[in-house]
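Inside the fold
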Amino acid sequence: MDVQADAPLVADAAAPAATGQVPAAAEVAEIRDRILEKLKHSVSKSVGSATPHDWFIATALSVRDKIVESWLTSIDTAKKTGRKRVYYLSLEFLIGRLLIDALTNMELIDQTRAALAELGVDLEALREVEPDAALGNGGLGRLAACFMESMATLSIAAYGYGIRYDHGLFRQRIKDGRQLEYPEDWLSYGNPWEFQRPELVYGVGFSGHIETQTLPDGELKQVWMPGETVQALAYDTPIAGWRGAHINTLRLWAARAADPLRLDKFNSGDHVGALMDQVRAESISKVLYPGDTSPAGQELRLRQEYFFASASLQDLVRRHMSLFGDIKTLADKAAIQLNDTHPAIAVAELMHILVDRYDIPWNKSWAITKATFSYTNHTLLPEALETWPVPLMERLLPRHMQIIYLINALHLEKVGKGPDASGARLAALSLIDESHGRRVRMGHLAFLGSHKVNGVSALHSDLMKTTVFRDLESVEPGKITNKTNGITFRRWLKEANPSLTSLLTEVVGDTLLDDATILEKVAPYADDSAFTERYAAIRRANKVALSALVRDRIGVKLDPDALFDVHIKRIHEYKRQILNILETVAIFEEIRAQSFREWIPRVKIFAGKAAASYTTAKLIIQLANDVGKVVNSDPTVRGLLKVVFLPNYNVSLAERIIPAADLSEQISTAGMEASGTGNMKFALNGALTIGTLDGANVEILEKVGAPNIFIFGLTADQVEAKRTQGISGQEAIARSQRLSEALESIASGVFSPEQPDRYRPLVDALTYNDFFLVTADFDSYYNTQRDVFKRWRDKKSWWRSAVINTSNMGWFSSDRTITEYAQEIWNVPTTPPGRN
Ligand code: 26V
């Protein structure tokens with residue numbers, strides 16, 4: 001990819017419009033000179049020999065310098081003012097690319113684009129060479145990234161703590177319609193955003209035994225003597241808030257062995273054995289989410305969780321002691337947020353630190369722990385609720401297991417005194433699940449160790465109280481609160497859709513990204529045809545750009561005037577991609593049978609990854625691809641329907657697809673999607689939602705109003721009631737000719753002629769064991785899709801609804817969500833941007 005500087009770099013798609021401001025020549029010249037300086041002295045390349053990647057590094061380093069100046073000030077100010085800090089503990093941060101994000105938030109984007117242009121370099125081409133940091137699986141990880149940005153924007157003194165995985169989420173390739181997984185290698189060219197901190201190293205112990213000592217006062221003290229110690233090494237990435245007023249730190253831990261190699265073994269000729277300790281230690285930070293189908297995989301996952309929880313707590317306790325000198329004030333100066341149960345072992349670790357290291361009495365330690373922690377739940381799916389086998393915990397973390405037993409004993413003693421202390425109730429409340437082998441319930445540990453517990457949408461938080469946490473809620477009523485998720489508008493509006501952002505700021509003013517609620521001012525323009533025409537033209541340009549991308553990547557030509565119907569997210573049965581595919585097949589059959597009718601040209605766009613071990617999800621990917629192959633080449637269809645599956649869905653691809661979407665598919669089985677955040681990104685960018693009353697769809701409906709969203713299907717209550725009657729799909733299939741025909745064509749091999757029974761397992765599951773109630777919702781979904789068609793024919797009405805969606809999305813800014821966490825959970829002040 002050696003590109004000479006005199007051959008201008010060209011991006012692979014239409015460049016987003018600049019924001020229209022003409023940057024001052026002197027500033028542009030200064031930026032240009034700084035980039036040249038970095039290219040020479042940090043990258044060690046001449047202008048004539050620099051590759052796009054060299055230019056990317058030089059540009060990143062030049063903006064990083066600016067960020068560092070504010071970063072040091074932010075750290076210094078927090079120190080001087082003795083502010084309470086927020087610690088966001090997350091095993092996932094799905095940050096994506098950072099160049100455009102950093103330039104946007106430092107308000108240097110136009111100047112830098114102009115400076116690079118003077119050098120014959122296209123900023124959009126540099127954007128594309130940056131690897132997409134995928135240290136997360138999906139919604140939970142992306143939420144952590146949006147929250148980091150909003151915490152910086154609101155000048156909260158916050159640290160994100162996580163793991164610096166060598167390899168993030170796997171790279172997905174589609175071969176013959178099937179998903180293949182390849183290791184992702186985001187660090188192979190180096191990472192210009194991070195700073196290694198070799199002085200910040202903590203030992204993290206595992207296994208070993210416990211010695212009981214008798215103190216002079218006769219009290220017993222437990223001393224854990226780990227059998228193995230791994231080192232945690234810190235890497236810091238600065239996270240710039242909007243307008244660069246405040247910069248926070250994302251601190252990620254890499255695992256190292258204490259000694260780089262066993263010299264004795266090496267010298268005796270055992271060259272591989274000499275590296276064993278290193279390999280064992282480094283495996284902890286090797287990959288995101290190691291497969292946990294084997295016992296070794298499970299153990300590695302638990303080692304990851306403890307490794308990062310221990311390093312993070314040691315680090316924050318060290319900071320607290322050096323600043324405030326008294327461990328008993330920890331809860332006044334630190335709020336620790338647990339992003340799901342993955343870091344829940346931190347509750348036992350803090351107890352270990354307080355009781356064993358600082359000799360704080362148990363009850364006082366427990367009070368400090370509870371006041372410091374809070375926990376966010378992100379799913380109610382039983383298979384996703386973490387539990388660890390007691391024998392594994394006992395072997396790997398013997399002292400923590402003791403602590404968990406003691407927490408449990410005191411907890412059960414307390415609830416055992418209550419009026420309703422039946423055996424069944426105590427079993428449900430216990431930290432130890434005894435129903436299939438003894439296992440530690442990490443959700444219970446996180447719940448008990450926290451002062452607040454929250455769900456991520458109104459519906460989800462309510463369901464928490466009636467399902468998995470029903471018994472615990474009755475012990476501590478009022479502990480569960482709701483914090484509906486949000487998204488950062490800097491990335492999901494300005495960076496992803498700069499042209500729409502310019503149009504909106506023309507109307508509401510240039511404080512849109514400071515205070516998203518002013519989007520309301522756009523509402524009156526929903527009836528202004530001059531405005532809606534410009535709004536529609538921007539969408540069309542985004543669709544043209546996406547069509548070019550689709551053509552480049554998978555060779556399918558799209559009609560930018562077709563309705564772009566988009567379903568992008570992890571592939572999971574509860575998200576019901578198969579419901580969408582069934583409707584596609586039904587329409588395909590109808591077009592073929594009645595090709596003379598006036599069909600609405602439509603493109604179904606799918607993207608998403610399936611967990612490597614999730615056979616059914618992988619079969620759904622294959623079905624989408626197989627349907628695409630048949631539909632796209634059918635001469636009767638004449639391009640009226642296209643089906644594309646875009647490989648390797650990630651943050652960067654989402655940034656390209658969302659601004660080009662007309663229809664947003666949010667069709668999970670009601671009660672199963674905790675919130676969704678993609679739903680917010682689409683609606684903000686003006687796609688209309690077709691969705692069930694699930695997660696944050698419920699609140700989107702409230703904000704945009706029923707005429708501007710397509711809601712269908714069973715409600716969460718109806719889903720629950722229906723499941724108690726049985727989950728066979730036979731009745732629903734018998735009632736619906738369309739559904740039975742669509743299923744029949746899939747089952748008979750219309751889309752897999754080379755292997756006709758390929759999709760038998762999918763069809764059988766829907767017929768006899770339809771847990772996700774696809775068949776029950778099919779007719780309602782199909783009919784609602786016809787309402788979408790009707791609306792699409794009336795373009796005036798369509799664009800009116802789109803504008804109303806955009807104008808009502810201000811509430812879904814993660815700035816609002818973080819403000820609520822700050823006020824109601826963390827008790828820290830926030831400063832809106834622009835007021836520093
Ligand atoms: C995890 C697993 C792991 C084992 C197999 C099945 C399974 C299914 C789901 C999950 C989800 C883990 C947690 C998660 O990512 N939740 C997502 O969090 C988002 C941010 O709050 C939220 O918007 C999504 O609705 C929720 O699914």
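Computed from a predicted structure; not experimentally measured.

**Remarks on the site of the ligand**
Taken together, 16 residues lie near the ligand, and H378, N485, E673, S675 and G676 sit nearest. Note that an oxygen atom of the ligand is positioned 2.6 Å from one of the side-chain N or O atoms of E673. Separating an oxygen atom of the ligand from a backbone N or O atom of G676 is a distance of 2.8 Å. Protein chains bury 76% of the 580 Å² of accessible surface belonging to the ligand in isolation. Residue classes in the shell around the ligand are distributed as seven nonpolar, seven polar and two charged.

**Examining the confidence of the model for the chain**
The predicted coordinates ought not to be read in detail in places where the model reports low pLDDT. Of all residues in the chain, 97% have pLDDT values of 70 or greater, and the mean over the chain is 95. Counting contacts from residues 1–18, a segment whose pLDDT is below 50, to residues more than four positions away or on other chains yields 42 contacts.

**A few points about unusual backbone geometry**
Its identity as a non-glycine residue notwithstanding, D340 has a phi of 70 degrees, on the positive side. Residue position: D340 is located in the loop between β12 (334–339) and α11 (345–357). The exposure class assigned to D340 is buried, which follows from its relative accessible area of 6%. The backbone of R638 shows a phi angle near 50 degrees, a positive value even though the residue is not glycine. Positionally, R638 belongs in the loop between α23 (615–632) and β21 (641–646).

**Here we look at the UniProt feature "modified residue: N6-(pyridoxal phosphate)lysine" (unreviewed entry) in the chain**
When the UniProt feature table is mapped onto this chain numbering, "modified residue: N6-(pyridoxal phosphate)lysine" (unreviewed entry) sits at K681. A relative accessible area of 6% means that K681 is categorised as buried. With near-sequence residues (within four places) excluded, K681 lies in contact with R142, I487, W492 and I658.

**Some remarks on the packing of aromatic side chains**
Counted under the stated rule, the structure contains 23 aromatic pairs. Geometrically, the ring pair formed by Y87 and Y161 is stacked, given 5.8 Å between the ring centres and 20 degrees between the ring planes. Of this pair, Y87 sits in strand β1 (residues 85–89) while Y161 sits in strand β4 (residues 158–163), placing them 74 residues apart in sequence. Note on Y87: relative accessible area 2%, which makes it buried. Here F771 and F772 contribute two aromatic rings whose centre-to-centre distance is 5.1 Å and whose plane-to-plane angle is 90 degrees, an arrangement assigned as edge-to-face.

**Re the pairing of strand β5 (residues 171–175)**
When β5 meets strand β6 (residues 178–182), the two strands line up antiparallel, connected through five bridges. Bridge assignment links I174 to a residue of β6, and that residue is Q179. From the end of β5 to the start of β6, which pair antiparallel, there are two residues, and D176 there has a positive phi angle of about 50 degrees.

**Brief notes about the nonpolar core**
In summary, soluble globular proteins display a tendency toward joint burial of nonpolar side chains. I156, F307 and W826 are the most contacted members of the largest nonpolar core, which has 232 residues in total. Per element, the largest residue contribution to this core is ten residues, and it comes from helix α9 (residues 295–324). Once residues within four sequence positions are removed from consideration, W826 is found in contact with K84, V86, M151, I156, A335, Q337, S374, I818 and Y821.

**Overview of the sheet that holds strand β15 (residues 432–433)**
Reading across the sheet, the three strands line up as β14-β16-β15 and stay open at both edges, with antiparallel pairing between neighbours. Each edge of the open sheet carries a strand with a single partner, namely β14 (387–389) and β15. Relative to strand β16 (residues 439–441), β14 runs antiparallel, the two sharing three bridges. The residue bridging T387 from the neighbouring strand is R441, located in β16.

**Comments concerning helix α26 (residues 697–704)**
Of the residues making up α26, those classed as buried are N697, E699, I700 and V704. Each buried residue of α26 sits inside an arc of 160 degrees when the element is viewed along its axis, so together they form one side. Residues of α26 that are buried in the fold lie against α17 (458–466), β18 (480–482), β22 (663–666), α25 (678–684), β23 (688–691) and α32 (795–807). Positive phi appears at G705, one or two residues downstream of α26, with a value of about 90 degrees.

**Notes on a positive patch on the surface**
A grouping of R171, R173, K175 and R178 is seen on the molecular surface, where their side chains present a positively charged patch. Residue contributions to the positive patch peak at three residues, all from β5. Summarising the element assignment, R178 is placed in strand β6.

**Details of helix α12 (residues 362–372)**
For α12, the complete set of buried residues consists of W362, S365, W366, I368, T369, K370 and T372. In this structure, the buried residues of α12 make contact with α10 (330–333), β12, α11, β13 (373–376), α14 (398–416) and α16 (442–448).

**Re the pattern of salt bridges**
This structure, assessed with the given rule, holds 60 salt bridges. A salt bridge links D54 to K45; the nearest nitrogen and oxygen atoms lie 2.6 Å apart. D634 is the partner of R592 in a salt bridge, and the nearest nitrogen-oxygen pair spans 3.3 Å. Of this pair, R592 sits in helix α22 (residues 577–593) while D634 sits in the loop between α23 and β21, placing them 42 residues apart in sequence. Look at D634 and you get buried, because its relative accessible area is 11%. A single network of salt bridges, built from pairs that share partners, joins R197, D236, R251, D315, R318 and R319.

**A few points about the packing of helix α6 (residues 139–153) against helix α33 (residues 814–826)**
Close contact between α6 and α33 brings their axes to 9 Å; oriented N to C, the two are set at 75 degrees. Judged by the angle between their axes, α6 and α33 are roughly perpendicular. Within the contact between the two elements, α6 uses C146, F147, S150, M151 and T153 and α33 uses S814, D815, T817, I818, Y821 and W826. Partitioned by chemical class, the residues of the contact of α6 with α33 number six nonpolar, four polar and one charged.

**Overview of the sheet that holds β23**
Hydrogen bonds between backbone groups are what pair the strands of a sheet, and the pairing can be parallel or antiparallel. Reading across from one edge, β21-β20-β19-β22-β23-β24 is the order of the six strands in this open sheet, with parallel pairing throughout. Pairing within the sheet leaves two strands with one partner each, and these edge strands are β21 and β24 (710–711). Contacting β20 (602–607) and β21, α23 crosses the sheet at an angle of about 145 degrees to β21.

**Some points on the side chain of K84**
Along the chain, the position of K84 falls in the loop between α2 (52–81) and β1. Of the side chains bearing the opposite charge, D332 lies closest to the buried K84, which forms no salt bridge; the N-O distance is 6.5 Å. Of the polar contacts made by the side chain of K84, one reaches the backbone oxygen of A331; its length is 3.4 Å. Looking at K84, its side chain comes within polar contact range of the main-chain oxygen of W826, at 2.7 Å. Beyond its immediate stretch of four places on either side in the chain, K84 contacts A157, A331, D332, K333, A334, A335, W826, N827 and V828.

The rules behind these values
Residues numbered from 1 in each chain as written. Predicted model: local features only at pLDDT ≥ 70, side-chain atom pairs only at ≥ 80, totals over all residues. Heavy atoms only, no water. Near = heavy atom within 4 Å. Polar contact = N/O pair within 3.5 Å; in protein donor to acceptor, adjacent residues only side chain to side chain. Areas by Shrake-Rupley, 256 points an atom, 1.4 Å probe, with all protein chains shown as cover. Nonpolar A, V, L, I, M, F, W, Y, C, P; charged D, E, K, R; others polar. pLDDT = per-residue confidence, 0-100. Contact = heavy atoms within 4.5 Å. Helix = DSSP H or I, 4+ residues; strand = E, 2+ residues; numbered from the N terminus. Buried < 20%, exposed > 50% of the residue type's maximum accessible area, 1.4 Å probe, protein only. UniProt positions renumbered as here; feature names shortened; annotations may be inferred. Phe/Tyr/Trp six-rings, centres within 6.5 Å; stacked < 30°, edge-to-face > 60°. Pairing = 2+ DSSP bridges. Core = buried A, V, L, I, M, F, W, Y, C linked by side-chain atoms within 4.5 Å. Arc of directions from axis to C-beta. Patch = residues over 30% accessible without salt bridge, like charges linked within 9 Å, V, L, I, M, F, W, Y side chains within 5 Å. Salt bridge = Lys/Arg side-chain N within 4 Å of Asp/Glu carboxyl O. Lys, Arg positive; Asp, Glu negative; His and termini not counted. Charge placed at Lys NZ, Arg CZ, Asp CG, Glu CD. Axes fitted to C-alpha atoms, helices over the stretch in contact; angles between N-to-C directions. Parallel < 35°, antiparallel > 145°, perpendicular 65-115°, else oblique.

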